[in-house]
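# Observations on the model geometry
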Amino acid sequence: MKAISSLLNESFARAASRFMCYACRLVLLFAAFCLVLACMGRVSFTLFTSQNTYQNAIYAEEDHTPASRRLTVNTGDDFYVHADADDRIDPAIQAGLVLIYAAQVLPLMAAYWFLSRVFANVGRGSIFTDQNARYLLYYGLLRFFSALCVPFLKLLIAQLATLAAQGGTLTLSTGSDMINDMVGSVAFLVAAYIIHYGIHLQDEVDHTL
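Residues numbered from 1 in each chain as written. Predicted model: local features only at pLDDT ≥ 70, side-chain atom pairs only at ≥ 80, totals over all residues. Heavy atoms only, no water.

## Notes on the pairing of strand β4 (residues 169-173)
Only one face of β4 is covered, namely the one carrying L170 and L172; the face carrying T169, T171 and S173 has none of its residues buried. Examined bridge by bridge, strand β3 (residues 78-82) and β4 share 5 bridges and lie antiparallel to one another. By the bridge assignment, H82 is partnered in β4 with T169. (Buried < 20%, exposed > 50% of the residue type's maximum accessible area, 1.4 Å probe, protein only. Helix = DSSP H or I, 4+ residues; strand = E, 2+ residues; numbered from the N terminus. Pairing = 2+ DSSP bridges.)

Structural data, given as structure tokens:
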């Protein structure tokens, strides 16, 4: 217990926060890079054609054998694409894949930006501030939105892409981590409230004195 308690000191917290700030920025850069790959047609999916079924196929390449695979991205969901009568993937299906990927990544990028600001503030010694409370609140709300709303948004995009396509379908299996993500997001909402309450409680004490 003493070894664990020794971690609860200012120098360690500030050093760890500075490290995590840079880690969040790396996550943002990586997410942006993956979004570019998605726009280039490198979201992986299971493709069904009249001739065969291909695991981890991508829109950017017509040869879907394992030897042709390069950089690919995915959302953690299972995508299933049925090709049209000519065994081709309609552009509307590809647009749907990009939009689904963006629907997951963009809220995540915004959330990690707010979290990086919290770590940056703590690294400078600015801890119990309204700004940190707001940033934690925004992070929690974005993650709650990602957990609760984004899976339904993905299903809607897949349905619209199928309707817009001249042939073929796009379906997916999503929402497997919804409960775990919601619990984590609520924890940050509670942390934001605790900081906000502590700040205003201290203000009342200061004014009373």
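## Things to note about the pattern of salt bridges
Tallied over the full model, the rule gives 3 salt bridges. With a shortest N-O distance of 4.0 Å, E62 and R88 are connected by a salt bridge. Of this pair, E62 sits in the loop between β2 (53-57) and β3 while R88 is found in the loop between β3 and α3 (91-123), placing the two residues 26 residues apart along the sequence. Taken individually, E62 and R88 each receive the classification exposed, so the pair is uniform in this respect. Among the salt bridges present, the one from D77 reaches K154, with a minimum N-O distance of 2.6 Å. Pair noted here: D77 is in the loop between β2 and β3 and K154 is in helix α5 (residues 150-164), with a separation of 77 residues, a long-range link. Each member of the pair, D77 as well as K154, carries the same accessibility label: buried. (Salt bridge = Lys/Arg side-chain N within 4 Å of Asp/Glu carboxyl O.)

## Focus on the packing of helix α4 (residues 130-148) against α5
In the contact formed by α4 and α5, the axes pass within 4 Å of each other and the chain directions differ by 45°. Between α4 and α5, the crossing angle belongs to the class labelled oblique. For the pair α4 and α5, contact is made by F145, S146, A147 and L148 and by V150, P151 and F152, respectively. Here the contact of α4 with α5 is composed, by residue class, of 6 nonpolar, 1 polar and no charged. (Axes fitted to C-alpha atoms, helices over the stretch in contact; angles between N-to-C directions. Parallel < 35°, antiparallel > 145°, perpendicular 65-115°, else oblique. Contact = heavy atoms within 4.5 Å. Nonpolar A, V, L, I, M, F, W, Y, C, P; charged D, E, K, R; others polar.)

## Quick look at the pairing of strand β1 (residues 45-48)
Bridging between β1 and β2 involves 3 bridges; their strand directions are antiparallel. Bridge pairing in β2 links L47 to Y54. Counted along the chain from β1 to the antiparallel partner β2, the turn is 4 residues long. By the bridge criterion, 3 bridges tie β1 to β3 in an arrangement that is parallel. For F48, the partnering residue across the bridge sits in β3 and is H82.

## Some thoughts on the packing of aromatic side chains
Any pair of aromatic rings gets described here by the distance separating the centres and the angle formed by the planes. Counted under the stated rule, the structure contains 8 aromatic pairs. Both rings, one in W113 and one in Y135, keep their centres 6.2 Å apart while their planes meet at 75°; by these two values the pair is edge-to-face. Residue W113 is located in helix α3, and its partner Y135 is located in helix α4; the two are separated by 22 residues in the primary sequence. Every member of this aromatic cluster is reached through a ring pair, and the members are W113, F114, Y135 and Y138. (Phe/Tyr/Trp six-rings, centres within 6.5 Å; stacked < 30°, edge-to-face > 60°.)

## Digging into the side chain of Q94
Its place among the elements puts Q94 in helix α3. Taking relative accessible area as the criterion, Q94 reaches 9% and is therefore assigned buried. Sequence-distant contacts of Q94, that is, excluding residues within four places in its chain, are made with A38, C39, G41 and Y59.

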